[in-house]
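In case you want the letters, here they are:
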Amino acid sequence: MAAQPEPSLILNFEDARHLVEEHAARLRPRGKELVELLDSVGQVLAEPVIADRNFPPFPRATRDGYAVRAADLAQLPAKLEVIGEIKAGVAPSDVPVKLDPGQAAGIMTGAPAPPGADAVVMVEYTSRAGNTVEITKGVATGDNIVPVASEAKRGQRLLSSGMRLDHAAIAVAASVGRSHLLVYAKPRVAVLSTGDEVVDIDVPPGPNQIRNSNTYSLAAQILAAGGEPLLLPIAPDEPGRLRELIADGLEADLLLLAGGVSMGKYDLVEQALAEFQAEFFFTGVQIQPGRPLVFGRVPSSRGHGFSRAGEDTKEGASAPEAHTYFFGLPGNPVSTMVCFELFARPILEALSGLSPRKLLFLHARLKSEIKTKTGLKRFLPAILSGEFEQTEVELARWQGSGDVAATVMTNCYIVIPSDRDRIPAGEWVPVLLR
Ligand code: AMP
Ligand code: MG
């Protein structure tokens, strides 16, 4: 028989999420590795990236036109003598040594402004005749020139350890000449689906069997979150084999179980984990989908340094006790997905070295009324549509948390507070993107 969870271990959404965030804040990645720049995309930076020179390294023109002294354009139109043409990438010897009063130089976007010039006039406001340019619009000092080192000074930190490397971070790393970056090792996340009715995808299912989708959806979510999924075989609803597979899963940095955490006679996961001296932080959350969600940890002998509260390695402190964290996710495929995003993701991200972050909600106008029941905070699959400022959101029609076919057609979840049983059309509602 599955153990009855203590009522105190059933938390509301906010408390459960805060608890997970608190644990996540104490977790550290397994190690670091040096990888090629493009192999670092999506991973978490494990070193600061420093400006190796000033940005920009010279006063950079941001428009095609003429480099001028702004004071020369007090009277308009102004006629100036053109003393040269400066294109981007030009050799320093081809940049005029100095612009004197009454002079201008043709200049292209990205080229260095010559000494003496303090602004660039856009070519649209000029007309050229031989060595003379006539200018019809004034400029203020500094217009269309980015001063030396105004974006970053040499030695300044441009990227910090703990940030996910997206395309903008890659641009910064490339701009300081980094062909390799130190990143945190990806956490290894074991995935264990349970259930006598579940068969793997290369096996023809019998009439009363269903194919294993949870292992694969979780693996996809783990990959997207920057982890390395380790797929375990399906565990039957039988304690011996379940225990063996849990032992294998606890070798990883994080164990995600799917199924077997409800109140049924054959929901054996909690009981099996208890045999590993598991500490349970919660065994249920007042949400839909995903109410039977379990979160806890097991003492680990691997000892690669998961710190406990207040035990961050200081000199003289005792060695931190090691744990492997686990989630028992409900087996219904949409519950599994939602619980991963809401709860497992912060732990995975912490193990991958990412600095902690809060859940981000958008707000959108509800297209049609929602009627539901109070008591649970709901995250219901929905479709966000419209364009420009006219974004609307609408619940998907679905058959409940087993309905992956309906969920795949959606792009977000509408969040319904636990004290609302009706939300009228037109109200602004929080939305979690998928
Ligand atoms: P459980 O949480 O074990 O009670 O399972 C809840 C529902 O999810 C049942 O209808 C299961 O058949 C289904 N289910 C459990 N595991 C999986 C899986 N790996 N893939 C797809 N559906 C599953
Ligand atoms: Mg089951």
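Residues numbered from 1 in each chain as written. Chains lettered and ligands numbered in written order. Predicted model: local features only at pLDDT ≥ 70, side-chain atom pairs only at ≥ 80, totals over all residues. Heavy atoms only, no water.

Go over the nonpolar core, please, and point to the residues and values.
By size, the foremost hydrophobic cluster in this structure holds 54 residues, and its most contacted members are Leu256, Phe327, Phe343, Ile347 and Val393. If one sorts the elements of this core by residue count, helix 6 (residues 333-351) sits on top with 12 residues. Two domains each put at least three residues into this core: domain 1 (10-31 + 186-351) and domain 4 (362-433). Once residues within four sequence positions are removed from consideration, phenylalanine 343 is found in contact with Phe13, Ala16, Arg17, Val20, Phe282, Val285, Ile287, Leu293 and Phe327. Leu242, Leu245, Leu255 and Phe276 belong to the second-largest nonpolar core, a separate cluster that totals 21 residues. (Core = buried A, V, L, I, M, F, W, Y, C linked by side-chain atoms within 4.5 Å. Buried < 20%, exposed > 50% of the residue type's maximum accessible area, 1.4 Å probe, protein only. Helix = DSSP H or I, 4+ residues; strand = E, 2+ residues; numbered from the N terminus. Domains from an automatic or database assignment. Contact = heavy atoms within 4.5 Å.)

Please provide a residue-by-residue account of the side chain of glutamine 43, values included.
Tracing the chain through its elements places glutamine 43 in the loop between strand 2 (32-36) and strand 3 (49-50). On the basis of relative accessibility, which here comes to 8%, the residue glutamine 43 falls in the buried class. With sequence-adjacent residues up to four places away left out, glutamine 43 is seen in contact with Glu33, Met163, Arg164, Leu165, Val183, Tyr184 and Lys186.

If you had to explain unusual backbone geometry to someone new, which residues and values would you point to?
Of the consecutive residues phenylalanine 55 and proline 56, the connecting peptide bond is found in the cis state with omega at -10 degrees. Among the structural elements, proline 56 can be located in the loop between strand 3 and strand 4 (60-61). In this structure, proline 289 follows glutamine 288 across a cis peptide bond, with omega equal to -5 degrees. One non-glycine residue with positive phi stands out, namely glutamine 277, at about 60 degrees. Along the chain, the position of glutamine 277 falls in the loop between helix 5 (269-274) and strand 19 (279-282).

Tell me about the packing of aromatic side chains, residues and numbers included.
Overall, the coordinates contain 9 aromatic pairs when judged by the stated rule. Look at phenylalanine 280 and phenylalanine 326: their rings are 5.8 Å apart centre to centre, the planes differ by 75 degrees, and that puts the pair in the edge-to-face class. With a gap of 46 residues between them, phenylalanine 280 in strand 19 and phenylalanine 326 in strand 23 (residues 323-329) connect regions that are remote in the sequence. Among the residues examined, phenylalanine 280 registers a relative accessible area of 22% and is labelled partly exposed. (Phe/Tyr/Trp six-rings, centres within 6.5 Å; stacked < 30°, edge-to-face > 60°.)

Give me the site of ligand 1: which residues, what numbers.
Looking at ligand 1, there are 17 residues lining it, with Glu197, Asn212, Ser213, Gly260 and Gly331 nearest. Contact distances for ligand 1 include 3.4 Å between a nitrogen atom and a side-chain N or O atom of serine 193. The separation between an oxygen atom of ligand 1 and a polar main-chain atom of asparagine 332 is 3.2 Å. Taken by itself ligand 1 offers 480 Å² of open surface, and the protein chains cover 79% of this. (Near = heavy atom within 4 Å. Polar contact = N/O pair within 3.5 Å; in protein donor to acceptor, adjacent residues only side chain to side chain. Areas by Shrake-Rupley, 256 points an atom, 1.4 Å probe, with all protein chains shown as cover.)

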